[in-house]
Amino acid sequence: MWWESRLSNDFSGEGNSNLNSSQLEGNGLMDALSPLDSEIVMQEIFQQRPFKAIDDHLVEFSEALRTVAKALRRVAEGKAAAQVEAAEWKRKYELERAYNLKLRQKELLAEGGQDDSLKFLSNQYVNNHISEQSERCCGKEGICSHEVLQNGETDSDSRVAQSTVTGKASFRLSWGCNGEKSGQHKHDIVSFERGNITTAERSSKQISLKWESPPQTVLILTKPNSVSVRILCADMVRWLKHDMKINVFVEPRVRNELLRESSDFDFMQTWQDDEEIPLLHTKVDLVVTLGGDGTVLWAASMFKGPVPPVVPFSLGSLGFMTPFQSEQYRDYLSAILRGPISITLRHRLQCHLIRDTAKDELEIEEPILVLNEVTIDRGISSYLTFLECYCDSSFVTCVQGDGLILSTTSGSTAYSLAAGGSMVHPQVPGILFTPICPHSLSFRPLILPEYVTLRVQVPFNSRGHAWASFDGKDRKQLAAGDALICSMAPWPVPMACQVDSTSDFLRSIHEGLHWNLRKTQSFDGPRDP
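Residues numbered from 1 in each chain as written. Predicted model: local features only at pLDDT ≥ 70, side-chain atom pairs only at ≥ 80, totals over all residues. Heavy atoms only, no water.

A. Broad picture of the packing of helix α6 (residues 227–243) against helix α9 (residues 329–338). Running from N to C, α6 and α9 point in directions that differ by 40 degrees, and their axes come no closer than 12 Å. One element, α6, and the other, α9, form an angle in the oblique class. Once α6 is placed against α9, the crossing between them reads as right-handed. Of the residues in α9, those in contact with L232, D235, M236, W239, L240 and D243 of α6 are Y329, R330, L333, S334 and L337. A class-by-class count of the residues in the contact of α6 with α9 yields seven nonpolar, one polar and three charged. (Axes fitted to C-alpha atoms, helices over the stretch in contact; angles between N-to-C directions. Helix = DSSP H or I, 4+ residues; strand = E, 2+ residues; numbered from the N terminus. Parallel < 35°, antiparallel > 145°, perpendicular 65-115°, else oblique. Left-handed = near helix turned anticlockwise from the far one by under 90°. Contact = heavy atoms within 4.5 Å. Nonpolar A, V, L, I, M, F, W, Y, C, P; charged D, E, K, R; others polar.)

B. Representation of the state of the cysteines in the model. Applying the stated criterion across every chain, the model contains zero disulfides. With no disulfide partner, C389 has as its closest neighbouring cysteine sulfur the one in C398, 7.4 Å distant. (Disulfide = S-S within 2.5 Å.)

C. Seen up close, helix α8 (residues 293–301). Here α8 lies mainly inside the structure; seven of its nine residues are buried. Listing the buried residues of α8 in full gives D293, T295, V296, L297, A299, A300 and S301. Against β6 (217–222), β8 (286–291), β9 (310–314), β21 (473–478) and β23 (493–496) lie the buried residues of α8. (Buried < 20%, exposed > 50% of the residue type's maximum accessible area, 1.4 Å probe, protein only.)

D. Representation of the packing of aromatic side chains in the model. Counted by the stated rule, this structure contains seven aromatic pairs. Its guanidinium or amino end placed over the ring of Y390, R455 lies 4.2 Å from that ring's centre, counting from NZ or CZ. (Phe/Tyr/Trp six-rings, centres within 6.5 Å; stacked < 30°, edge-to-face > 60°. Lys NZ or Arg CZ within 6 Å of the ring centre and 35° of its normal.)

E. Looking closely at the packing of α6 against helix α7 (residues 252–261). Across the interface, α6 lies against α7 with an axial gap of 11 Å and an inter-helix angle of 80 degrees. Between α6 and α7, the angle falls in the class roughly perpendicular. The residues of α7 that touch α6, namely those facing R230, C233 and A234, are V254, E257, L258 and E261. Taken together, the residues of the contact of α6 with α7 sort by class into four nonpolar, no polar and three charged.

F. Spotlight on unusual backbone geometry. Looking along the chain, the bond that leaves G339 and enters P340 is cis, with omega of -10 degrees. Its place among the elements puts P340 in the loop between α9 and β11 (341–346). Here the phi dihedral of D392 falls at roughly 55 degrees; this positive angle occurs in a residue that is not glycine. Looking at the secondary structure, you find D392 in the loop between β15 (385–391) and β16 (394–408). Of note, H514 is a non-glycine position whose phi angle comes to about 50 degrees, a positive value. Within the secondary structure, H514 is located in the segment after α11 (501–513).

G. Broad picture of the pattern of salt bridges. As enumerated under the stated definition, the model contains nine salt bridges in all. For R253, the salt bridge is made with E257, and the minimal N-O distance between the two is 3.7 Å. Here R253 pairs with E257, and both are found in helix α7, just four residues apart, close to one helical turn. When its relative accessible area of 30% is taken as the criterion, R253 is described as partly exposed. D482 serves as the salt-bridge partner of R355, at 3.0 Å between the closest nitrogen and oxygen. Of the two residues, R355 is situated in the loop between β12 (349–354) and β13 (368–370) and D482 in the loop between β21 and β22 (483–488); the sequence distance between them amounts to 127 residues. (Salt bridge = Lys/Arg side-chain N within 4 Å of Asp/Glu carboxyl O.)

H. Highlighting the environment of L259. Relative to the assigned elements, L259 resides in helix α7. For L259, the contacting residues outside a window of four places in its chain are F265 and D266.

I. Molecular detail of α11. For α11, with 13 residues, the first-to-last C-alpha span of 18 Å sits near the 18 Å given by 1.5 Å per residue. Within the sequence span of α11, burial applies to S501, D504, F505, R507, S508, I509 and G512. Of the surrounding elements, those touching the buried residues of α11 are β5 (206–211) and β11. Put simply, D500 is the residue that caps the front of α11, since its side-chain oxygen is 3.1 Å from the backbone nitrogen of T502. Following α11 by one or two positions, H514 adopts a phi angle in the positive range, close to 50 degrees. (Expected span 1.5 Å × (residues − 1). Polar contact = N/O pair within 3.5 Å; in protein donor to acceptor, adjacent residues only side chain to side chain.)

J. Molecular detail of the confidence of the model for the protein. Chain-level statistics for the protein give a pLDDT mean of 77 and a share of 70% at 70 or above. Low pLDDT, under 50, characterises residues 125–165; the stretch is placed with 110 contacts to residues that sit more than four places away or in other chains. Overall, residues 178–189 carries pLDDT values under 50, and its contacts beyond four positions in sequence, including any with other chains, amount to 25 contacts. (pLDDT = per-residue confidence, 0-100.)

K. Spatial organisation of the nonpolar core. Core analysis: the biggest nonpolar cluster contains 39 residues, and I220, L240 and F313 have the highest contact counts within it. The biggest single contributor to this core is α6, with eight residues. Once residues lying within four places of it in the same chain are set aside, the contact partners of I220 are C233, M236, V237, L240, V248, F249, V250, E251, V288 and L290. I368, V370, C389 and L448 belong to the second-largest nonpolar core, a separate cluster that totals 28 residues. (Core = buried A, V, L, I, M, F, W, Y, C linked by side-chain atoms within 4.5 Å.)

L. Main features of the side chain of S501. In this structure, S501 sits in helix α11. Within polar-contact distance, the side chain of S501 engages the side chain of Q206 at 3.0 Å. Beyond its immediate stretch of four places on either side in the chain, S501 contacts Q206, T344, H425 and Q427.

What follows is the structure in structure tokens.
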């Protein structure tokens, strides 16, 4: 207004700093200010406008910082995705190389005899570490399963307690439905013919495993601190070695416990340090677990890549993933070692944790594989968890509550179920998106397709940190700006079925959860006419 500029001019010099009321009246300002309080007007003039300008600059600056943070996060996530893709291409290259080596061996067998072939294979095995490349992906059937470990040792200086030259058993997978087996995988699910869209047979039928060569090595993993499990393990080890002529691997802890009881168990093989664990899948044909679902989770966590078939025996509490009873273990294992057997492919999630402070791909942490779920919660903080969630490049929602669960279908009967998620058949390919106590009545769980990549990040304006746990362990803190990227892992866990995957799943929810158990309605009440 005119009097604002006039007042500003009058107060611009030092000599005008002590104006009296007569001067203001002469300037015509007393009449204009007479209805108002002069001090309030002065505060509005000299304080309101500068602070408003400062607020605008702060908003612009914060938006610029947020944009830069998002750009940096996208760069880090892009590097992580490129690293995963490069690892996948490297794995395919190694599998193809191992396959070519096998063809070369066959040619040498045809030309120069078996001795020359084995000599050539042994040299290649030591020089090129073929132990890590001996699995060939079933390209037709879309399942990453090992085929053959060539004769020879993984390393000439192996620190295994008892090193023997054994061959790894090979097997083949086939699909069937309602008892009918089919060895051909159905790729063309949807067809378009004469303008009509039709669906063919689904690819996720019951899967059958047939041994092409007999299994020779079994790994036994047990629940710790259990006398009954240790007694059963000792009996099973003797039976497998002496009656079935099977080589037995056990954990170092189990080997020491059994050797303290008797020196007759010195035939058991084990590993000396954790560096040998990633090579177990090249030595072991079958994994037997003695315990509950926790023992199965522990067995799956030991294999960061391909997993041998797992036979879980129930010695725990609920046992959603342990259909076999320990009392008849000899009958079960005899039938499984003969084959064929029905298996359930339990998919796993592959999780990458990207820190906001990471400067390059060398600072990105190793991926973590989970069989049940990854949980992001508020930990000990009293504030709500604040998480931004994205599915591929699409924004999903902001989670405000106690946390979020990203679960496999195998984990749908675990923490996700307690948080209100649905129970899903383990062979249904999908990722469960389940909130934990959300501060919203309309926030319901989701089931997303298995091919998506989920990104959960802690925004910079979050009041507190978040915590991530993977299958209930390996708890890690997520600070502002950190992100967790989850996708379906290419290496499922093949688990033997007692009957088939559907029968075992229904039995587990009936016996473990008493699902829909109620008294039958009386028949002697009112009836429809």
